[in-house]
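Now for the letters of each chain:
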Amino acid sequence: MDYLPIFCQLKNRACLLVGGGEVAERKARLLLQAGANLTVSAKTFTEPFKHWQQSMQVTLVEGEFNETLLDEQWLVIAATNDHQLNQQINQACEKRQLFCNVVDSPACASFIMPSIIDRSPLIVAVSSGGRAPVLSRLLREKLEAILPQHLGKLATYAGYLRARVKQFYHSMTERRRFWEKLFVHDRLAQALANNDAEQVDKLTQDLFAEPTDKRGEVVLVGAGPGDPSLLTLKGLQQIQQADIVVYDRLVSSEIMALVRRDAELIFVGKQPGYHCVPQAQINQILLEQAQKGKRVVRLKGGDPFIFGRGGEELETLHHANIPFSVVPGITSASGCSAYSGIPLSHRDYANSIRLITGHLKNGNELNWQSIASEQQTLVFYMGLSQAENIQKQLMAHGMDKNMPVAIIQQGTSTKQKVFTGTLQELTELAKLAHSPSLMIIGEVVQLRDKLNWFTGI
Ligand code: SAH
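Keep in mind that this is a model prediction, so the values were computed, not measured.

With respect to the overall build of the protein
Then, number 1: Helix and strand content of the protein: 17 helices and 19 strands.
Then, number 2: Over its C-alpha trace the protein gives a radius of gyration of 30 Å, far above what one expects of a compact globule, namely 23 Å for 457 residues.
Then, number 3: Summarising its shape, the C-alpha atoms of the protein cover approximately 95 × 55 × 40 Å along the three principal directions.
Then, number 4: Residues counted as buried form 46% of the 457 residues belonging to the protein.
Then, number 5: For the protein, the share of sequence-separated contacts (at least 6 apart) that also reach a separation of at least 24 residues comes to 62%.
Then, number 6: Surface summary for the protein: the accessible area is close to 25500 Å², and the carbon and sulfur share equals 52%.
Then, number 7: Distance from the positive charge centre (47 side chains) to the negative charge centre (45 side chains) of the protein: 3 Å.

A few points about the side chain of Gln391
Then, number 1: Tracing the backbone shows Gln391 in helix α15 (residues 387-396).
Then, number 2: A polar contact is formed between the side chain of Gln391 and the side chain of Thr427, at a distance of 2.3 Å.

With respect to unusual backbone geometry
Then, number 1: In this structure, the amide linkage connecting Ser120 to the following residue, Pro121, adopts the cis form with an omega of 10°.
Then, number 2: Cis peptide bonds are those with omega within 30 degrees of zero, and the linkage from Ser435 to Pro436 qualifies with -5°.
Then, number 3: Along the polypeptide, Pro436 turns up in the loop between α16 (426-432) and β19 (437-441).
Then, number 4: Even without being glycine, Arg309 reaches a positive phi, approximately 60°.
Then, number 5: Relative to the helices and strands, Arg309 is located in the loop between β13 (295-300) and α12 (310-319).
Then, number 6: Take Arg309: its relative accessible area is 33%, and that puts it in the partly exposed class.
Then, number 7: Residues other than glycine seldom take positive phi values, yet Gln410 does so here, at roughly 45°.
Then, number 8: Assessed through its relative accessible area of 23%, Gln410 is described here as partly exposed.

Things to note about the sheet that holds strand β5 (residues 99-102)
Within a sheet, each strand pairs with its neighbour through backbone hydrogen bonds, oriented either parallel or antiparallel.
Then, number 1: The five strands lie next to each other as β3-β2-β1-β4-β5, forming an open sheet whose pairing is parallel. One side of each edge strand has no neighbouring strand; the edge strands of this open sheet are β3 (58-62) and β5. Geometrically, the sheet is characterised by an average inter-axis angle of 15° between neighbouring strands, direction not taken into account.
Then, number 2: Looking at chain direction, strand β4 (residues 75-78) and β5 are connected through four bridges and run parallel. When the sheet's bridge partners are listed, Val76 is paired in β5 with Cys100.
Then, number 3: Contacting β1 (14-18), β2 (37-42) and β3, helix α2 (residues 47-54) runs over the sheet at an angle of about 125° to β3.
Then, number 4: Here helix α3 (residues 83-96) sits on the sheet in contact with β1, β4 and β5, set at roughly 165° to β5.

A look at the sheet that holds β19
Then, number 1: An order of β15-β16-β19-β17-β18 is seen for the five strands of this open sheet, with the pairing classed as mixed. Whereas interior strands pair on both sides, the edge strands pair on one side only; in this sheet they are β15 (352-357) and β18 (417-422). In this sheet, neighbouring strand axes are inclined to one another by 20° on average, regardless of whether the strands run parallel or antiparallel.
Then, number 2: As paired elements, strand β17 (residues 404-409) and β18 share six bridges and run antiparallel to each other. Counted as the bridge partner of Pro404 is Thr422 from β18.
Then, number 3: Running at roughly 70° to β19, helix α13 (residues 332-340) makes contact with β15, β16 (376-381), β17, β18 and β19 of the sheet.

Structural notes on the layout of surface pockets
Then, number 1: Volume-wise, the largest pocket comes out at about 2000 Å³.
Then, number 2: Lining of the largest pocket is provided by 49 residues; of these, Ile112, Met113, Pro114, Ser115 and Ile116 occupy positions nearest its centre.
Then, number 3: Those elements that provide at least two residues to the lining of the largest pocket are α1 (22-33), β5, β6 (115-119), β7 (122-126) and α4 (133-146).
Then, number 4: Classifying every residue of the lining of the largest pocket gives 28 nonpolar, 12 polar and nine charged.

Conventions used here
- Residues numbered from 1 in each chain as written.
- Predicted model: local features only at pLDDT ≥ 70, side-chain atom pairs only at ≥ 80, totals over all residues.
- Heavy atoms only, no water.
- Helix = DSSP H or I, 4+ residues; strand = E, 2+ residues; numbered from the N terminus.
- Rg over C-alpha atoms; globule rule 2.2 N^0.38 Å.
- Buried < 20%, exposed > 50% of the residue type's maximum accessible area, 1.4 Å probe, protein only.
- Contact = heavy atoms within 4.5 Å.
- Areas by Shrake-Rupley, 256 points an atom, 1.4 Å probe, with all protein chains shown as cover.
- Lys, Arg positive; Asp, Glu negative; His and termini not counted.
- Charge placed at Lys NZ, Arg CZ, Asp CG, Glu CD.
- Polar contact = N/O pair within 3.5 Å; in protein donor to acceptor, adjacent residues only side chain to side chain.
- Pairing = 2+ DSSP bridges.
- Axes fitted to C-alpha atoms, helices over the stretch in contact; angles between N-to-C directions.
- 1 Å grid on protein atoms, 1.4 Å probe; cavity = no way out; pocket = protein on both sides within 12 Å on 5 of 7 lines; lining within 4 Å.
- Points joined across faces, edges and corners; volume = space filled by probe spheres on them.
- Nonpolar A, V, L, I, M, F, W, Y, C, P; charged D, E, K, R; others polar.

Written as C-alpha cells, this is what we have:
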C-alpha cells in the first residue's frame, strides 16, 4: 500500500491553501465543504475567493507566500501555478512535519487527494496513488452510477438508530444482522428518500419486532478453481457477511482478501495425501461455531458438491438441526476446460463426460471397463499420484494408447500450466506436474490446438 487512506476531521481546523487561481478554487471548495477554517495566500484571487471572503468563509492574505503562514496549520495545499514555489512550500511543510499536497507534483508531497463519491455521511474515496488518474475517474463514475443518492440518508438514519440498536440487541451478531436487514430494505430506503417519516417509523418498528434466530447457520460456498473473478456474486456476498470463514488450501489468497475484515479465519488446510485437520474435526468445528450462533461460511475450492466432501459436512449439521445452505462454485473441470481451450463435450468426439476421483475410499475400485469406453471425456480429480494405474487400466481395457491427454496444473490461475501428450505418456507427464492438477483424457484434448486462448498474465 503506497498511501494510507484516512478521513480527516477538518471542522474549524486551520488549513492553508496557497494559490488563488482556478485549480486552487477547486481545492478551496472541498476544504470548505469539510468545514475547514481556511486561509488562502496568493498574489491575486479569482472572483469566488472574493465572495467567500465577503461571506466570511475564508481569510485571504494577498501578496508573496510567507513561511510564517504555516504556523498553527493542520494541513497545507500548494496550488499555485509556480512549480518552484509549490516545491518550496512542500519542503517547508516537510521540515515542520505538516501534511502538504502539491497539485502539480503529487508524488513528492505527503498527501494526495482521492476522487470522491459523496453520499455524506457515506464517502467513498478512490485513488490510484497518482499512477492512473483516468482509471480512478472511470471507477468513480461507475461508483457514482451504482450508489443511489439516498445512501446518504440511509447512513444518517443508521447513525440516529445506533444507540437504540445497541440497547435493544445484546450480542454483536444480532446487531450486525439487524443492520444487514436494514441496509437492504428497499421500502425503507424509498420511505427515507421520500422523507416519509411515518412510513420510516413503521418499517423500523417492524424490523425491531422481527424475531432474531439465535441459531447460527452454515453456508457452504464454492470459491471456484483459482481465478478470483470466478467467484460468484452470491459467494462474495456470503464471505462479506460471515462471522467465521473455515477454508482450505485450494482457496486462493486473492479470494481470502475479499472476506469481511473482522471475520475470524480458520484454516483447515488439506494437503494432498494427508489431512491437516481430519474431516470429522472439520465437521465438529462447523457444528460448534454454528451452535454458538455464528454465521459460518465453509469456503471450498471449486464446487463444494464435487469431490469436496461438502455432503458429509452438511449431514452432521442436518443431524444437529442447524440451518445450512449451499452456494455452488465453478468446479475445476469447468474452469480448467475453459482456460485450457479443451471443451469437455463436442458432437464429433464426446457425448458424455465423466468426473472421476483418483482418490478412492479404501476398498473401492473404479469400473474401468465402462470408463474406457468410447465417445466420452474423462476428467480425473486428484489423479496425479494415480497416473500410472490410470494409464495401465485404461490401456488394459481397450483405450487407444494414442488417446490425447492433458494435465492442467493450477488451472485458471496466472500460474496455469498445461502438459499434453498421449495416454502412453501419461505417467511421465504426471511426473512433470504438481498439485493441484486435473487430467483430461479424450479426443476433445486435440481441440486445444485451435482453441487455446489463455496465456496467463
Ligand atoms: N471441489 C473441487 C475439487 C476438490 S478435490 C472442485 O470442484 O474443483 C481437489 C482436486 O481438484 C485437486 O486434486 C485437483 O485435481 C482439482 N483441482 C482443484 N483446483 C484445481 C485447479 N485450479 N487446477 C487444476 N486442478 C484443480
